[in-house]
Amino acid sequence: MNQTGHYLITVHGLFFIVSIIFSFLINRLFLKFVRTLGIRNQDDTVIRWGSQSKPAVGGFSFYIIYLLSVIAYSIFFDSNQVFLSKEFIGILLATMLGFLLGLADDAYNTKPFLKFLTQVTCAVILMVTGTEITLSYVEPVNYVITIFWVVGIMNSLNMLDNMDAITTTVSISIILSALAVMAFHQEFGSVYFMILIGVMAALIGFLYFNWHPSKMYMGDTGSQFLGVFLAAIGIKYLWNAEPPSGDLISARNLLLPLIVFLMPIIDTTTVVINRLMKGQSPFVGGKDHTTHALAYLGLSDRQVAMVFWFMTLLSLLLVVIIEKYLKNWTHTYTIIFSVYILLMFSLFYYAAQSVKRRKEKV
């Protein structure tokens, strides 16, 4: 290993360890001194699995360490990649808006339309500055897909944050998948590699307080920030990733983000379908998520978290297999991974439906 490689390992390793410690200390301080910040009024519409109100301040540590990651990169590496990149500035602005949206939602319980409009604005900022899904040769189609993706992931991670440690563990696995893709493409010196390490460390430090029985939640401040940040990373390294060879680029690039974000997508899709079938708004909270279905079927809160974490780690394994071994993409691979996605969706959707039928019989 050359001198540059040793430098990268040392800087990233030390920053990862320091960020975990810093995240732990920040959340410990919040827990000690901020007992009511992020706890909504009892008449608000948010419904969580646990009945006890707890501080929803974990998102602050995510955003603080996210900004520290940017500063650290500009110190140890190339500051031009940070301050002279229109694409990166766009991601900074979009994540800042997502963070502020979550902060406002935690404080004031913003209206669904205003939240939706702000999420669309996050997507537009990303597109204007160059972070756009390029799946189609027709530009308006790419715009629609990008907006749908950003808004969908922001809402998916927000909706998935309904039980202890679920969104935290799922987000860690998503970041690991993105880091794996970057590692296979030798992008260790990228600013995004440093930021992903920092945000993952922030999540690990927060997980100590968010594991069941949790002492605090990440709140919309955390889930909205993570939503727009991971959506942008998904666009850059999954949707727009170029395979080493093969003609079926579109099929591979469609399946790769679906595999990585599979569990949030399954949960949100299941909830939306079930609520629309009952004539209810998908934006109103409820205990009808796939996480809740597993709990109703007899799993403990910790076991539910472990199931979701296992499924996202399985997605990570599939990403590694795709990047390392499937050099030439074929129709066979498209069929195999499509069947896998449909099978996983059917399994969790069936669990939710079986619980629904049990309740109807009672």
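Throughout, residues of each chain are indexed from 1 in the direction in which the sequence is written. Local features are withheld for residues below a pLDDT of 70 in this predicted model, meaning they are given only at 70 or higher, and side-chain atom pairs are given and counted only at 80 or more; totals for whole chains, interfaces and linings count all residues. Side-chain numbers here rest on the full set of heavy atoms in the structure, without hydrogens or water.

Colleague: I keep staring at the environment of Met96 and nothing clicks. Help me out?
Modeller: Here a strand is any run of E in DSSP of at least two residues, a helix any run of H or I of at least four, and the numbering for each starts at the N terminus. Looking at the secondary structure, you find Met96 in helix α4 (residues 86-108). Classification of Met96 by relative accessible area gives partly exposed; the value is 38%. Taking the C-alpha atoms as reference, Met96 lies 9.9 Å from Gln224; in sequence the two are 128 residues apart. For the exposure calls, accessible area comes from a 1.4 Å probe over protein chains only, and a residue counts as buried if that area is under 20% of its type's maximum, exposed if over 50%, partly exposed in between.

Colleague: I'm lost on the packing of helix α7 (residues 166-184) against helix α13 (residues 301-325) in this one. Help?
Modeller: Each pair of packed helices can be summarised by the angle the axes make with each other and by the distance between the axes. Only C-alpha atoms enter the line fits that serve as axes; for helices the fit covers just the stretch in contact. Angles between N-to-C directions range over 0 to 180 degrees. Viewed as axis vectors pointing N to C, α7 and α13 meet at an angle of 10°, and their least axial separation amounts to 9 Å. With respect to their mutual orientation, α7 and α13 come out roughly parallel. On α13, the residues touching Ile166, Thr169, Val170, Ser173, Leu176, Ser177, Ala180, Val181 and Phe184 of α7 are Val304, Ala305, Phe308, Trp309, Thr312, Leu313, Leu316, Val319, Val320, Glu323 and Lys324. Three classes are used, and their members are as follows: Ala, Val, Leu, Ile, Met, Phe, Trp, Tyr, Cys and Pro are nonpolar, Asp, Glu, Lys and Arg are charged, and the others, Gly among them, are polar. Class assignment for the residues of the contact of α7 with α13 results in 14 nonpolar, four polar and two charged. Roughly parallel refers to an angle under 35 degrees, roughly antiparallel to one over 145, roughly perpendicular to one between 65 and 115, and oblique to any angle outside these ranges. Whether two residues are in contact is decided by their heavy atoms, any of which lying within 4.5 Å being enough.

Colleague: What is the right way to read the nonpolar core from this model?
Modeller: Most often, soluble globular proteins keep nonpolar side chains buried together rather than apart. By nonpolar core we mean a set of buried residues, namely Ala, Val, Leu, Ile, Met, Phe, Trp, Tyr and Cys, connected to one another through side-chain atoms within 4.5 Å. Membership of the largest hydrophobic core comes to 96 residues, with the highest contact counts inside it found for Tyr66, Trp149, Val150, Phe229 and Phe308. If sequence neighbours within four positions are ignored, Trp149 has contacts with Ile133, Ala231, Ile235, Trp239, Pro257, Phe261 and Ile265.

Colleague: What should I look at first to understand the packing of aromatic side chains in this one?
Modeller: To pair, rings of Phe, Tyr and Trp, with the six-membered ring standing in for Trp, must have centres within 6.5 Å; the planes then decide the type, stacked if under 30 degrees apart, edge-to-face if over 60, and tilted in the middle. Counted by the stated rule, this structure contains 24 aromatic pairs. Relative to Phe209, the ring of Tyr208 lies with its centre 5.0 Å away and its plane at 85°, an arrangement referred to as edge-to-face. Relative accessible area serves as the criterion here: at 2%, Phe209 is assigned to the buried category. Measuring from centroid to centroid gives 6.5 Å for Trp211 and Trp309, while their planes differ by 55°, and the two rings are tilted. A residue pair is termed long-range when its members are at least 10 positions apart, and Trp211 in the loop between α8 (191-210) and α9 (219-239) and Trp309 in helix α13 qualify at 98 residues.

Colleague: Would you mind going over the confidence of the model for the protein chain with me for this structure?
Modeller: Detailed reading of the predicted coordinates is not advisable wherever pLDDT is low. Of the residues in the protein chain, 91% have a pLDDT of 70 or more, and the chain-wide mean is 88. The predictor attaches a confidence to each residue, called pLDDT, with possible values from 0 through 100. This stretch, residues 41-46, has a pLDDT under 50; its non-local contacts, to residues over four places away or in other chains, come to five contacts.

Colleague: Just to check I follow, could you spell out α8 for this structure?
Modeller: Each full turn of the α-helix corresponds to 3.6 residues, which orients residues three or four apart in the same direction. Multiplying 1.5 Å by the helix residue count minus one yields the expected span of that helix. Compared with an ideal rise of 1.5 Å per residue, which puts 20 residues at 28 Å, α8 spans 28 Å between its outermost C-alpha atoms and is within 8% of the ideal. With 18 of 20 residues buried, α8 is to be regarded as a mostly interior element. Side-chain atoms alone can form a polar contact between residues adjacent in sequence; in general such a contact is a pair of N or O atoms within 3.5 Å, and within protein one must be able to donate a hydrogen while the other accepts it. Between a side-chain oxygen at the N-terminus of α8 and the backbone nitrogen of Tyr192 the separation is 3.1 Å; the capping residue is Ser190.

Colleague: Can you help me understand the environment of Leu258 in this one?
Modeller: Structurally, Leu258 is set in helix α10 (residues 249-260). Remark: the alpha-carbon pair of Leu258 and Asp105, spanning 153 residues in sequence, is separated by 28 Å. With residues up to four places along the chain from it excluded, the contact list for Leu258 reads Ile265 and Ile341.

Colleague: Looking at this structure, I do not really get the pattern of salt bridges. What am I missing?
Modeller: When the charged atoms of two side chains with opposite charge come close together, those side chains can pair. Take a side-chain nitrogen of Lys or Arg and a carboxyl oxygen of Asp or Glu: if they are within 4 Å of each other, that pair is a salt bridge. A complete count under the given rule lists five salt bridges for this structure. Where Asp288 meets Arg275, a salt bridge forms, and the shortest distance between an N and an O atom there is 2.7 Å. With Asp288 in the loop between α11 (262-277) and α12 (290-296) and Arg275 in helix α11, this residue pair connects regions lying 13 residues apart in the sequence. The class for Arg275 is buried, based on a relative accessible area of 2%. The network of salt bridges with common partners includes Asp105, Lys115 and Asp220.

Colleague: I would appreciate a short explanation of α7 in the present structure.
Modeller: Its 19 residues place the ends of α7 28 Å apart at the C-alpha level, agreeing with the 27 Å of an ideal helix rising 1.5 Å per residue. Taking burial as the measure, the 19 residues of α7 include 16 buried ones, the bulk of the element. At the exit of α7 stands Gln186, carrying a positive phi of roughly 60°.

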